[in-house]
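As a plain string of letters, each chain reads:
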Amino acid sequence: AQDAGGLYLAGCKLDQPVSLRHAALSRLVIEQCVLPGVWADRATIGTLTVTDSLITGDYPGGTIRLDGARVTRDLRLDRTRLDNPGGPAVRATGLVADADLSMEAVDARGTGPAGVVCLARATVSGDLSMRGARLIAGSGPAFSAPDMTVKGAARLDQGFAATGTGESGAVRLTGANVAGELSLR
């Protein structure tokens, strides 16, 4: 359903990914859905929320793709299960989040050198919260955020667990800059 320049999906099951590459939307809300992917590379979205959903696909580029995207208000990927045996679960290289980025209680599995969750060169103007997230890599790092900038706090705590494979380790923050508190409790 479309609503004032936005897309709201609730309780749905899709057999193809939602593709919004280069789109401009006031909001994208996905709640309690089952789908193979969300692709919004280079999109501009006001509020992007994916909660209580199952996203499972086999894509080398990722099941949730936000490469070069800009989210101007709210970005939440909370309480969602992500599975991708062919690549990353979330790939958001160069993402710009003008507010907070929340991935609380995410259960993500993926593979490859980019990591299960890849936020390489991403900029988060607020806080990054991955509280209670569980990331498991079949190969490569679980969380990879080289050269990421977080202008607030980064919270990888309260049950956060990352299992990586290989030389990259589980959590890769090479060159990352966190202005506020970095919590790894």
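Look above for the structure.
Reading the values: the criteria
- Residues numbered from 1 in each chain as written.
- Predicted model: local features only at pLDDT ≥ 70, side-chain atom pairs only at ≥ 80, totals over all residues.
- Heavy atoms only, no water.
- Helix = DSSP H or I, 4+ residues; strand = E, 2+ residues; numbered from the N terminus.
- Rg over C-alpha atoms; globule rule 2.2 N^0.38 Å.
- Buried < 20%, exposed > 50% of the residue type's maximum accessible area, 1.4 Å probe, protein only.
- Contact = heavy atoms within 4.5 Å.
- Lys, Arg positive; Asp, Glu negative; His and termini not counted.
- Charge placed at Lys NZ, Arg CZ, Asp CG, Glu CD.
- Salt bridge = Lys/Arg side-chain N within 4 Å of Asp/Glu carboxyl O.
- Polar contact = N/O pair within 3.5 Å; in protein donor to acceptor, adjacent residues only side chain to side chain.
- Pairing = 2+ DSSP bridges.
- Phe/Tyr/Trp six-rings, centres within 6.5 Å; stacked < 30°, edge-to-face > 60°.

### Some words on the overall build of the protein
Thinking step 1. Scanning the protein for helices and strands turns up 0 helices and 26 strands.
Thinking step 2. Scaling as 2.2 N^0.38, a compact globule of 185 residues should have a C-alpha radius of gyration of about 16 Å, and the protein matches this with 15 Å.
Thinking step 3. Dimensions of the protein, computed from the C-alpha atoms along their principal axes, are close to 45 × 30 × 25 Å.
Thinking step 4. When each of the 185 residues of the protein is scored for burial, the buried share is 51%.
Thinking step 5. Counting contacts in the protein only where the partners sit at least 6 residues apart, residues at least 24 apart contribute 68% of the total.
Thinking step 6. Separation of charge centres in the protein, based on 19 positive and 19 negative side chains, amounts to 2 Å.

### Quick word on the pattern of salt bridges
Thinking step 1. Counted by the stated rule, this structure contains 11 salt bridges.
Thinking step 2. In this structure, Arg79 engages Asp52 in a salt bridge whose closest nitrogen and oxygen atoms are separated by 2.9 Å. One end of the pair, Arg79, is in the loop between strand S10 (70-76) and strand S11 (81-83); the other, Asp52, is in the loop between strand S7 (44-51) and strand S8 (54-56), with 27 residues separating them in the sequence.
Thinking step 3. Classification of Arg79 as partly exposed rests on a relative accessible area of 45%.
Thinking step 4. Arg109 is the partner of Asp107 in a salt bridge, and the nearest nitrogen-oxygen pair spans 2.8 Å.

### Describing the side chain of Ser102
Thinking step 1. Among the secondary structure elements, Ser102 is positioned in strand S14 (residues 101-102).
Thinking step 2. Of note is the side chain of Ser102, whose polar atom sits 2.7 Å from the side chain of Asp78.
Thinking step 3. When sequence neighbours within four positions are dropped, the list of residues in contact with Ser102 reads Leu75, Arg76, Leu77, Asp78 and Ser129.

### Some words on the sheet that holds strand S9 (residues 64-65)
Paired through their backbone hydrogen bonds, the strands of a sheet run either parallel or antiparallel.
Thinking step 1. An order of S3-S6-S9-S12-S16-S20-S24 is seen for the 7 strands of this open sheet, with the pairing classed as parallel. The open sheet is flanked by strand S3 (18-19) and strand S24 (171-172), the only strands paired with a single partner.
Thinking step 2. Of the strand pairs in this sheet, strand S12 (residues 90-91) and strand S16 (residues 117-118) are connected by 2 bridges, and their pairing is parallel. Opposite Arg91, over in S16, you have Cys118 as the bridge partner.

### A few points about the pairing of strand S15 (residues 107-110)
Thinking step 1. Sheet topology places S11 next to S15; 3 bridges connect them, and they run parallel. Bridge pairing in S15 links Asp83 to Arg109.
Thinking step 2. When S15 meets strand S19 (residues 134-137), the two strands line up parallel, connected through 4 bridges. When the sheet's bridge partners are listed, Gly110 is paired in S19 with Ala137.

### Quick word on the packing of aromatic side chains
Thinking step 1. All chains considered together, the criterion is met by 1 aromatic pair.
Thinking step 2. Judged by centre distance (5.0 Å) and plane angle (90 degrees), the rings of Trp39 and Tyr59 are edge-to-face. Residue Trp39 is located in strand S6 (residues 38-39), and its partner Tyr59 is located in the loop between S8 and S9; the two are separated by 20 residues in the primary sequence.

### A word on the sheet that holds strand S5 (residues 34-35)
Thinking step 1. Ordered in space as S5-S8-S11-S15-S19-S23, the 6 strands form an open sheet in which the pairing is parallel. With partners counted over all chains shown, the strands left at the sheet margins are S5 and strand S23 (161-163), one partner each.

### What to know about the environment of Thr44
Thinking step 1. With respect to the helices and strands, the residue Thr44 is situated in strand S7.
Thinking step 2. Once you skip the residues sitting within four places of it in the chain, Thr44 turns out to touch Ala23, Ala24, Leu25, Arg70 and Thr72.

### Section: the environment of Arg131
Thinking step 1. Note that Arg131 resides in the loop between strand S18 (128-129) and S19.
Thinking step 2. Every residue in contact with Arg131, bar those within four places of it in the chain, is listed here: Met103, Glu104, Ala105, Arg155, Asp157 and Gln158.
Thinking step 3. Within the local environment of Arg131, its side chain forms a polar contact with the side chain of Asp157, the two groups lying 2.9 Å apart.

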